[in-house]
Amino acid sequence: MILVTGATGNIGRPLLAKLRASGTAGPVRALTRDASRAAFPPGTEAVEGDLTDPASLERALDGVRSLFLLGGTGTETGLLDTARRAGAEHAVLVSSITVLTHPHLNPALRNLATERHLQDSGFDWTILRPTQFASNTLWWADAIRARRAVRVPYADTGLPTIHPADIASVAHAALTASGHRGSTYALTGPERISPRQQVEAIAAALGRPVGVTPVTREEAHRDMSAFLGDEVAAAVLDLTGGDVNAELRAVRDTVERVTGAPATPFARWAEENAAAFR
């Protein structure tokens, strides 16, 4: 039995689809807070539970041998302890490349603490460290739908943004194939792409122009704090600033080495998600 947490998210949804379509996985269970509102692939067992309430996870963890877990929720260590006591043997953790590139930032420190807890827990483990998600550009959806220019800092600083489905593909391999236990994988997209280029790709997918308004760090922090909070907004700006270090800018071939398929370019993500910006 494989349990997928974050089952309705940008990684969980394609991971469930891959697990059910591949035929290489055994029983698959999806954790959700409200099973009546979730739509999962046929053959997926939906089970309700709250990651902040370990007692609610007893049914979800019954018979589970492998676990897919997103970092950054603040509840990972408790869930890992509960899962280990329930008999789970292997965990695939989505951490962040910032553990490698910006270890001084608080979100990175928390992810690193979760990684170390997993490694010391008695689990077999696989750790995924993706870079910036292509889906982060959904932050711009309201402005683009309203035909306003996208306000971005560091408009021409490129990072190797990754399609969340590529993270799901690597997680699928880690959950279903041998040879990935005890591995830590840094994951990126196939090329560096700047915010300005991302906007251009979204505009091409929409078939209409979309403007870009460069803003200062201070203006961007004010805009982003409204929905990310001060700490996360500051961390994102540290990561995307003009002095981005070489490790964060590096393009890696890990997706292709693990899955056999090259990482997905941002333009394809924009085409697949154009409806969100219309």
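Residues numbered from 1 in each chain as written. Predicted model: local features only at pLDDT ≥ 70, side-chain atom pairs only at ≥ 80, totals over all residues. Heavy atoms only, no water.

All told, the structure shown has 2 aromatic pairs when counted by the stated rule. Judged by centre distance (6.1 Å) and plane angle (75 degrees), the ring pair of W269 and F277 falls under edge-to-face. With a relative accessible area of 2%, W269 lands in the buried category. One aromatic cluster is present, built from ring pairs that chain together F266, W269 and F277. (Phe/Tyr/Trp six-rings, centres within 6.5 Å; stacked < 30°, edge-to-face > 60°. Buried < 20%, exposed > 50% of the residue type's maximum accessible area, 1.4 Å probe, protein only.)

On to the layout of surface pockets. It is a probe the size of a water molecule, rolled over the atoms, that shows where empty space is left. By volume, the largest pocket is sized at about 1300 Å³. As for the largest pocket, its lining consists of 50 residues, of which G71, G72, S95, N111 and F133 are closest to the centre. Contributions of two or more residues to the lining of the largest pocket are made by β2 (28-32), β4 (66-70), α3 (76-85), α5 (106-119) and α10 (230-240). Here the lining of the largest pocket is built from residues that sort into 21 nonpolar, 25 polar and 4 charged. Lining the second largest pocket are 28 residues, and of these W139, W140, R151, V152 and M224 sit closest to its centre. Of all the secondary-structure elements, those providing two or more residues to the lining of the second largest pocket are α6 (141-145), β7 (150-152), α8 (195-206), α9 (217-228) and α10. When residues in the lining of the second largest pocket are grouped by element, the largest group, 4 residues, is from α9. Tallied by class, residues from the lining of the second largest pocket come to 17 nonpolar, 7 polar and 4 charged. (1 Å grid on protein atoms, 1.4 Å probe; cavity = no way out; pocket = protein on both sides within 12 Å on 5 of 7 lines; lining within 4 Å. Points joined across faces, edges and corners; volume = space filled by probe spheres on them. Helix = DSSP H or I, 4+ residues; strand = E, 2+ residues; numbered from the N terminus. Nonpolar A, V, L, I, M, F, W, Y, C, P; charged D, E, K, R; others polar.)

This part covers the packing of α3 against α5. Axis separation between α3 and α5 bottoms out at 10 Å; the angle between their running directions is 15 degrees. By the angle between their directions, the pair α3 and α5 is classed as roughly parallel. With respect to the hand of their crossing, α3 and α5 are arranged in right-handed fashion. The residues of α5 that touch α3, namely those facing E76, T77, L80 and D81, are T114, H117 and L118. (Axes fitted to C-alpha atoms, helices over the stretch in contact; angles between N-to-C directions. Parallel < 35°, antiparallel > 145°, perpendicular 65-115°, else oblique. Left-handed = near helix turned anticlockwise from the far one by under 90°. Contact = heavy atoms within 4.5 Å.)

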